[in-house]
Amino acid sequence: MATSAGNVKYCIIGTGFSGTCALWHLVRRLTDPRRPSPLPPSAVTIVTVERGPVSGPGYPYAKDNVQLAHRCNNEAGTMGIHGNDFVDWMTESKPWLIRDFPELVLETHPGIEPGEWQPDSREFYPRALFGAYLRQRFQEAVDRAVAHGFRVRRYVRHEAVDGRTTENGFSVVLRDLATGREFTVDGIDRALLGIGHWQSEVTGPLSGHSGHVASPYPPDAVKAAVRDRIRARRARGERPRLFVQGMGPSGIDAILSLCDEGEFTHTPDGHVASYRPAPDREPLQVVAGSRSGFFPPVRGPLVPYEPHYVTEENFAAIRRAHGGQLKVEPVLELLDRELRRATDGTVGWADVQSPPHPGAREKLAGDLRDSYTGDLVHAIVLKTRRMRFYSRLAPSEKALYDRLFDTHFIRTAVPMPAANAEKLLALMDAGILTTVALGYDSPPVQVTEDGEFLITYRSAGGEPAVLRADCVIRARAQDFGMARHPSPLVRNLLRRGEIVPHQEGGYATGGIALETGGGYRVMKRSGAVLRPSPHLAAYGPPVRFWQNEKNYAGAFVEAAERVADDWIETGRQVMEMKEFHYQDGLRVSLFNLDHKAVPYHFHREVSDMMYCSRGQITIELPDTGEVFTVQPGEVFQVPSPSRHRFVNGAPVGTLSRYVLLQIGEFDINFVPAAQELAERFAGRAKTLVTNGSVHIENRKDDITELADRFERVKPEELTAEEQRDVVEALRSFAARGTETEHPRTAVHP
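Residues numbered from 1 in each chain as written. Predicted model: local features only at pLDDT ≥ 70, side-chain atom pairs only at ≥ 80, totals over all residues. Heavy atoms only, no water.

**Q** Looking at this structure, I do not really get the layout of surface pockets. What am I missing?
**A** Counted as a void, the second largest pocket has a volume near 850 Å³. As for the second largest pocket, its lining consists of 34 residues, of which Arg71, Thr108, Glu123, Ala418 and Ala419 are closest to the centre. Of all the secondary-structure elements, those providing two or more residues to the lining of the second largest pocket are α4 (102-108), β10 (263-266) and α15 (418-429). In terms of residues, the lining of the second largest pocket owes the most to one element, α15, which gives 4 residues. Residue classes in the lining of the second largest pocket are distributed as 13 nonpolar, 9 polar and 12 charged. (1 Å grid on protein atoms, 1.4 Å probe; cavity = no way out; pocket = protein on both sides within 12 Å on 5 of 7 lines; lining within 4 Å. Points joined across faces, edges and corners; volume = space filled by probe spheres on them. Helix = DSSP H or I, 4+ residues; strand = E, 2+ residues; numbered from the N terminus. Nonpolar A, V, L, I, M, F, W, Y, C, P; charged D, E, K, R; others polar.)

Rendered as structure tokens:
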């Protein structure tokens, strides 16, 4: 599992929010003086891979993929990669942000004097500003790692296209997007798939159609495609019509991108007053549609509310009544009772499914009013969703929830910033924006012979109606079917069984399958069974249940912390050293090798005497070119001060253990450029050690006494099995020891 050089290599594929969080928390733990790693910094390599031109922002927050009006969908105080860090960063960076990017400040605080700006943890700042924060924090993490001696290899404008498990860890094939050249990064111990959101590939008659825009990002590409399509219509003095397929956050971004040729006016206190179309051209007609025909609610202060019916106790009662799993209807009954209790009977679950408003404008205006004091319905639905009940549903119940109810939870629990609501209302009042409800059984978008699009929707009376449009911008919810993922890396990992789609009882919930127990290691296929990957982890939109339970900023941070903790243990497992005795010139320690090797090193003052108690230990001596294999029960002494390393010579996945005795004043010196040394031993013949002996000076009685002591009293650091191994080792050293000093080698590193 470890690299052949005894190093630990981490790889982060995708350096947006997910990858930057992972890097920051990994480096923080690697450099934590309270838990020092047993590995020297030169033994740790961090590899990062990013398709874009810079690391940090990723796709959603890169300045070229967003425009000024695109806001974060979470309050600034919840967006930091730790704590309130985003707000703290804005406060620290205020002078240069005002100097270099005043428009990012004025977008959120229109009319304010930039010098008076005070970052507000309750505000929703432009995504480009958050991207600048991620970019700087990523670079700071890299700088900190390098300053501590860790090796960092960064690949930008590179795409990971394939990956597989090998004898030496995990290998990833990278493609240089500038040249097309492909090469392999191998020997990876842990890798993170931080590949973020995606849109499935477009198929059928819409594929390749110039008027069908597959994604609302980047906005410049959207506007360019639209401009080419509507040029002729505007030349005839006709008003172009554009259809935005989706009314969630991405749909709102698409609407604002399309309408940036005009301008919004503001009241003296910074609220949106109106929208003014560009005076020199026929204004666009933008139609937004979704299954319900409604926009999400509007964010306001989260209303404090303690659930009375939607509780873990009541969930447990449902599970007891249904074979240990939750069912949708009883959960919705609890939610309905909760809503009616909180609203004095005026709102129930049926009102969430079918909001009692004649249209999207009326609901949006009401939601905006409610946001000033806090939307109680939103707070209750959000709390219910955050209880993560979806993962506890029976497989058939998950299918039912996905088909009928998830859309209502997302629409209600994932609201928009108030500024976006004000802009949408201004666009409606200006006659630019209208909405339609597509219904839950609408046919796909059709294309006419003359290249126009036909969209079937439900009229106000519920009857089918048809809308004609010049362009369609796809901005609907993410497709979680892994088989339709556009990434060659994902497709190849699926093909190889390195990742598998999550399934329960024959139902594919969507997303990558993860280990049970709340961890983030992906499941891989091994023959006919599935088991956690020893190498790959993933979190965020690509993984199962994320869209239902964890799609908010804090969940990314929580996942990054868990992954970093798991990865740090990788380094500790490479050389799990238990030093439990160092007195009177005798130092005894025990090593569990779960990985391939420990780093090359040498001692000037002491000599390593080792006893193999489990597995098989291979000892490499670069200065003489020798390789020795030590089986359980055998001893070996390393010539001092020659360079050496101990390698787990057992089959991959088998633990090896050895006990080390050193006499004298302990010292250790790690060897740089270990990779070159390791390559010299690839395939070299090994000498099997039999009837080995060691030089124990005049300490035989002391060693025997130490064995007797450890047999009577177990050191608290050791397990009972390790205690027996230590006693056996010490008795072997005493029995096979020659009471002379170990002759020193002529080689001096």
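**Q** Explain the pattern of salt bridges here, please?
**A** When charged atoms on two side chains of opposite charge get close, those side chains can pair. Evaluation of the coordinates by the stated rule reveals 44 salt bridges. Here arginine 99 makes a salt bridge to aspartate 100, at a shortest N to O gap of 2.9 Å. Overall, aspartate 100 belongs to the partly exposed group, its relative accessible area being 37%. One salt bridge in this structure joins arginine 388 and glutamate 558, with 3.8 Å as the shortest N-O distance. Of the two residues, arginine 388 sits in the loop between α12 (376-386) and α13 (395-404) while glutamate 558 sits in helix α18 (residues 553-574), which places them 170 residues apart along the sequence. A residue is classified by how much of its surface remains accessible, and glutamate 558, at 31% relative accessible area, is partly exposed. If you follow the salt bridges from partner to partner, you end up with Arg233, Glu238, Glu452, Arg468 and Asp470 in one network. (Salt bridge = Lys/Arg side-chain N within 4 Å of Asp/Glu carboxyl O. Buried < 20%, exposed > 50% of the residue type's maximum accessible area, 1.4 Å probe, protein only.)

**Q** What's the story with the sheet that holds strand β1 (residues 8-13) in this structure? I'm lost.
**A** To summarise the sheet geometry, strands pair through backbone hydrogen bonds and adopt either a parallel or an antiparallel arrangement. Taken in spatial order, the 6 strands line up as β3-β2-β1-β7-β21-β20 in an open sheet, and their pairing is mixed. The open sheet has two edge strands, β3 (151-156) and β20 (521-526), and neither has a second partner. The average undirected angle you get between the axes of adjacent strands in this sheet is 30°. The pairing of β1 with strand β7 (residues 190-193) spans 4 bridges and is parallel. Along β7, the bridge assignment pairs cysteine 11 with alanine 191. (Pairing = 2+ DSSP bridges. Axes fitted to C-alpha atoms, helices over the stretch in contact; angles between N-to-C directions.)

**Q** What's the story with the pairing of strand β2 (residues 44-50) in this structure? I'm lost.
**A** Within a regular beta strand, the side chains point alternately toward one face of the sheet and then the other, so they alternate between its two faces. Most of β2 is tucked away: 7 of the 7 residues are buried. Burial along β2 is two-sided: the face carrying Val44, Ile46, Thr48 and Glu50 and the face carrying Thr45, Val47 and Val49 are both buried. Bridge count between β1 and β2: 6 bridges; the pairing is parallel. Bridged to valine 8 within β2 is valine 44. Here β2 pairs with β3 via 6 bridges, running parallel. By the bridge assignment for β3, isoleucine 46 is matched with valine 152.

**Q** I keep staring at the packing of helix α20 (residues 700-712) against helix α21 (residues 720-736) and nothing clicks. Help me out?
**A** Between two packed helices, what matters for the description is the angle formed by their axes and the separation of those axes. With their axes 9 Å apart at the nearest point, α20 and α21 run at an angle of 160° to one another. By the angle class used here, α20 and α21 are roughly antiparallel. The hand of the α20/α21 crossing is left-handed. Touching Lys700, Ile703, Thr704, Leu706, Ala707, Asp708, Phe710 and Glu711 of α20 are Gln723, Val726, Val727, Leu730, Arg731, Phe733 and Ala734, all from α21. Of the residues that constitute the contact of α20 with α21, the class distribution is 9 nonpolar, 2 polar and 4 charged. (Parallel < 35°, antiparallel > 145°, perpendicular 65-115°, else oblique. Left-handed = near helix turned anticlockwise from the far one by under 90°. Contact = heavy atoms within 4.5 Å.)

**Q** Honestly, the packing of aromatic side chains in this entry has me stumped. Any pointers?
**A** We describe a pair of aromatic rings using the distance from one ring centre to the other and the angle between the two ring planes. The final tally for this structure, using the stated rule, is 30 aromatic pairs. Summarising the aromatic geometry, the rings of phenylalanine 264 and tyrosine 275 are spaced 5.0 Å apart at their centres and angled 55° between planes, so their arrangement reads as tilted. A residue pair is termed long-range when its members are at least 10 positions apart, and phenylalanine 264 in strand β10 and tyrosine 275 in strand β11 (residues 272-276) qualify at 11 residues. One exposure class covers both phenylalanine 264 and tyrosine 275, and it is buried. (Phe/Tyr/Trp six-rings, centres within 6.5 Å; stacked < 30°, edge-to-face > 60°.)

**Q** I would appreciate a short explanation of the nonpolar core in the present structure.
**A** A general feature of soluble globular proteins is that nonpolar side chains tend to end up buried together. Judged by nonpolar contacts, the single largest core of 80 residues is most densely connected at Phe17, Phe86, Met90, Phe130 and Tyr539. The element contributing the most residues to this core is α18, with 10 residues. For phenylalanine 130, the contacting residues outside a window of four places in its chain are Phe17, Tyr61, Cys72, Met79 and Phe86. Grouped together as the second largest cluster of nonpolar side chains are 39 residues, Val222, Ile252, Leu368 and Leu433 included. (Core = buried A, V, L, I, M, F, W, Y, C linked by side-chain atoms within 4.5 Å.)

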